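# Chain and residue survey
So the chains spell out like this:
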Amino acid sequence: MIEVLACRYSNAQLERIAEQGMIYLCACPAQVARQILSARELYDYQRNCVGGGAGDERVHARIAEAARFAHAELERCLDDVLDLEGWDKATLTMPEGLRALRDRTLDNGPT
């Protein structure tokens, strides 16, 4: 049996980060959040996949192991990125400085 995946961020929190990226045109944290969600989907699929082939359990366990490793590394990465950019981790709100940069970029138009 494949164990439950340990998560630092809830799916709702990851969606909030992705939403902030869309609103404020800062896609990097949003991209990492989306990849974490994808790793969770892969992991959950492996936990719930019902197959009848020989070695099936080993296949699912191996894929789940890789997804768990990738998931943990991506969560550490997101944690670091949020710290480096100065996000409010309680509200998962992008810092004002990044919002101001977005506004200046939009005001200047395309180059």
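Residues numbered from 1 in each chain as written. Predicted model: local features only at pLDDT ≥ 70, side-chain atom pairs only at ≥ 80, totals over all residues. Heavy atoms only, no water.

### Digging into the confidence of the model for the chain
Across the chain, the average pLDDT comes to 85, with 80% of residues at or above 70. Within the chain, the element-level pLDDT minimum falls on helix H4 (residues 96-108), averaging 69, and the maximum on helix H3 (residues 56-85), averaging 94. (pLDDT = per-residue confidence, 0-100. Helix = DSSP H or I, 4+ residues; strand = E, 2+ residues; numbered from the N terminus.)

### Notes on helix H2 (residues 27-48)
For H2, spanning 22 residues, the distance from its first C-alpha to its last is 31 Å, which sits close to the expected 32 Å at 1.5 Å a residue. Among the residues of H2, Pro29, Ala30, Val32, Ala33, Ile36, Leu37, Ala39, Arg40, Tyr43 and Gln46 are the ones counted as buried. (Expected span 1.5 Å × (residues − 1). Buried < 20%, exposed > 50% of the residue type's maximum accessible area, 1.4 Å probe, protein only.)

### Focus: the pattern of salt bridges
Under the counting rule described, the total for this entry stands at 8 salt bridges. A salt bridge links Arg40 to Glu75, with the nearest nitrogen and oxygen atoms 2.8 Å apart. Placement of the pair is Arg40 in helix H2 and Glu75 in helix H3, with a sequence separation of 35 residues. In this structure, Arg76 engages Glu73 in a salt bridge whose closest nitrogen and oxygen atoms are separated by 2.7 Å. Taken as a pair, Arg76 and Glu73 lie in helix H3 at a separation of 3 residues, close to a single helical turn. The class of Arg76 is partly exposed, set by a relative accessible area of 34%. (Salt bridge = Lys/Arg side-chain N within 4 Å of Asp/Glu carboxyl O.)

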